[in-house]
Amino acid sequence: MRENQLKKKIRSGKSAIGTFVKLIDPAVPELLALAGFDFFVLDTEHVAVDREQLTNIVRAADAAGITPIVRVRENQQVEILQNLDLGYAGVQVPNVDTAQEARDLVSYVKYTPLGIRGLSPSVRACGYGTCGVQEYINAANENTLVVSHCETKTCVENLDEVLKVEGLDVIFIGPMDLSQSYGVPGSPGNPEVQAAIETVTAKTLKAGKAVGTVAGTPEAAKKLIEKGVQYILLASDQGMIVKWGKTAIEAIQK
């Protein structure tokens, strides 16, 4: 198992820039690597992706040298297991609202004695059975990045206890889902939502864990870095295509 360069960068105190991947063409990881992105998050929560597509995307990422993370559909043991067995370097998990849900998440990612992840050395992540089993277990427990979403009012209220859970690497703030949870859907700039975001950021940094969130523009990403945010998702592959395309067409038509 390769060293997780994204986790290494975060541990060193640096910020990493990624993007959400919603297109299922394996060329996308290659393009993102060429553009200089540190990582990407394949969004299986909002996009239909089958197992073959998942595998081809992670193969392309490994070949291109960009760290592949997968946002799973739910905090469920087999869901997390199957994605990690393909070789993804970490999971980003929605709707983790309590300390018990956070403990469950960590247990699904880690092998014994740290968790209950099912062990099958024949999977791609273990070189189809060619790796040393104990060496692989140790590497997986050390390398796999665990990203836990904080995107509800319930999570914000329970955050002190969530942050006590060992094994969480990143607390990811979802502004849109937070706005919905606070009763102002689609308005992440709402003062109450912004106050919640500031609270989550401050408490997470104080607890010694990394903060993650989204940035719509490079300028927004720079401001997040200044605040100590280390795991930044700059828009999405689809969003970049649409935004650049609209800007170019509008400039031509002027």
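Preceding this paragraph is the structure being described.
Quick caveat: nothing in here was measured; it's all calculated off a predicted structure.

Chemist: Would you explain the overall build of the chain in this entry?
Modeler: Of the regular secondary structure elements, the chain holds 11 helices and 8 strands. Against the 2.2 N^0.38 benchmark of 18 Å for 254 residues, the chain shows a C-alpha radius of gyration of 18 Å, consistent with a compact globule. Each principal axis of the C-alpha distribution contributes one length, and for the chain these read about 60 × 45 × 35 Å. Within the chain, the proportion of its 254 residues that are buried is 48%. Within the structure as shown, the chain displays about 12100 Å² of accessible surface, and the carbon and sulfur contribution to it stands at 54%. One finds the centroid of the 26 positive side-chain charges in the chain at a distance of 5 Å from the centroid of its 30 negative side-chain charges.

Chemist: Even after reading the chapter, I still don't get the sheet that holds strand β7 (residues 210–215), so can you show me in this structure?
Modeler: Two orientations exist for strands paired in a sheet by backbone hydrogen bonds: parallel and antiparallel. Read around the barrel, 8 strands follow the order β1-β2-β3-β4-β5-β6-β7-β8 and close on themselves; strand pairing throughout is parallel. Adjacent strand axes in the sheet meet at a mean angle of 25 degrees when their direction is disregarded. Both strand β2 (residues 39–43) and strand β3 (residues 67–71) contribute to a ladder of 5 bridges, which runs parallel. The residue bridging F40 from the neighbouring strand is P68, located in β3. Packed on one face of the sheet, helix α10 (residues 218–226) meets β1 (16–21), β7 and β8 (231–236) and runs near 165 degrees to β7. The strands touched by helix α11 (residues 237–253) are β1 and β8; relative to β8, the strand with the most contacts, the crossing angle is about 50 degrees.

Chemist: How should I be thinking about the packing of helix α2 (residues 27–35) against helix α3 (residues 51–64) in this particular structure?
Modeler: Helix-helix packing: each pair is described by the crossing angle between the helix axes and the interaxial distance. Direction vectors running N to C along α2 and α3 enclose 25 degrees, while the axes themselves pass 7 Å from each other. Between α2 and α3, the interaxial angle falls into the category roughly parallel. Handedness of the α2/α3 crossing: right-handed. Along the contact surface, α2 presents P29, E30 and A33, while α3 presents I57, A60, A61 and A64.

Chemist: I would appreciate a short explanation of the packing of helix α4 (residues 77–85) against helix α5 (residues 99–109) in the present structure.
Modeler: One can describe the packing of α4 onto α5 by two numbers: an axis separation of 9 Å at closest approach and a directional angle of 35 degrees. The element α4 and its partner α5 pack so that their crossing is right-handed. Here Q77, I80 and L84 of α4 lie close against α5, whose contacting residues are L105, Y108 and V109. Of the residues assigned to the contact of α4 with α5, the class counts are 5 nonpolar, 1 polar and no charged.

Chemist: How do you make sense of the environment of I252 when you look at a structure like this?
Modeler: Tracing the backbone through its elements, the reader meets I252 in helix α11. Considered as a pair, I252 and L168 are 84 residues apart in the sequence and their alpha carbons are 47 Å apart.

Chemist: Looking at this model, I keep getting lost on the packing of aromatic side chains. Mind explaining?
Modeler: Here the distance between the centres and the angle between the planes together describe a pair of aromatic rings. Counted under the stated rule, the structure contains 4 aromatic pairs. Between F20 and F172, the aromatic rings sit 6.4 Å apart at their centres with planes inclined by 80 degrees, giving edge-to-face as the arrangement. Placement of the pair is F20 in strand β1 and F172 in strand β6 (residues 170–173), with a sequence separation of 152 residues. Accessibility assignment for this pair places F20 and F172 in one class, buried. One aromatic cluster is present, built from ring pairs that chain together F20, F39, F172 and Y231. Above the plane of the ring of F20 lies K22, whose end atom (NZ or CZ) is 5.4 Å from the centre.

Chemist: Help me out: how do you make sense of α3 in this one?
Modeler: With 14 residues, α3 extends 20 Å between its outermost C-alpha atoms, agreeing within 8% with the 20 Å of an ideal straight helix rising 1.5 Å per residue. Along α3, the residues classified as buried are L54, T55, I57, V58, A60, A61 and D62. A side-chain oxygen of the first residue of α3 lies 3.2 Å from the backbone nitrogen of E52; this N-cap is D50.

Chemist: How should the state of the cysteines be read in this particular structure?
Modeler: Defined simply, a disulfide is a covalent bond joining two cysteines at their sulfur atoms. Counting across every chain of the model gives 1 disulfide. With its sulfur 1.6 Å from that of its partner, C126 forms a disulfide with C131.

Chemist: Any chance you could explain the nonpolar core here in plain terms?
Modeler: One recurring pattern in soluble globular proteins is that nonpolar side chains are buried together. Counting 52 residues, the largest nonpolar core has F40, I80, Y88, V91, L105, L168 and I171 as its most contacted members. Here this core takes 6 residues from α5, the largest share from any one element. Every residue in contact with F40, bar those within four places of it in the chain, is listed here: T19, V21, P29, L32, I57, A61, I66, T67, P68 and I69. One finds I10, F20, F39 and F172 within the second-largest nonpolar core, a separate group that totals 15 residues.

Each value, and the rule that gives it
- Residues numbered from 1 in each chain as written.
- Predicted model: local features only at pLDDT ≥ 70, side-chain atom pairs only at ≥ 80, totals over all residues.
- Heavy atoms only, no water.
- Helix = DSSP H or I, 4+ residues; strand = E, 2+ residues; numbered from the N terminus.
- Rg over C-alpha atoms; globule rule 2.2 N^0.38 Å.
- Buried < 20%, exposed > 50% of the residue type's maximum accessible area, 1.4 Å probe, protein only.
- Areas by Shrake-Rupley, 256 points an atom, 1.4 Å probe, with all protein chains shown as cover.
- Lys, Arg positive; Asp, Glu negative; His and termini not counted.
- Charge placed at Lys NZ, Arg CZ, Asp CG, Glu CD.
- Pairing = 2+ DSSP bridges.
- Axes fitted to C-alpha atoms, helices over the stretch in contact; angles between N-to-C directions.
- Contact = heavy atoms within 4.5 Å.
- Parallel < 35°, antiparallel > 145°, perpendicular 65-115°, else oblique.
- Left-handed = near helix turned anticlockwise from the far one by under 90°.
- Nonpolar A, V, L, I, M, F, W, Y, C, P; charged D, E, K, R; others polar.
- Phe/Tyr/Trp six-rings, centres within 6.5 Å; stacked < 30°, edge-to-face > 60°.
- Lys NZ or Arg CZ within 6 Å of the ring centre and 35° of its normal.
- Expected span 1.5 Å × (residues − 1).
- Polar contact = N/O pair within 3.5 Å; in protein donor to acceptor, adjacent residues only side chain to side chain.
- Disulfide = S-S within 2.5 Å.
- Core = buried A, V, L, I, M, F, W, Y, C linked by side-chain atoms within 4.5 Å.

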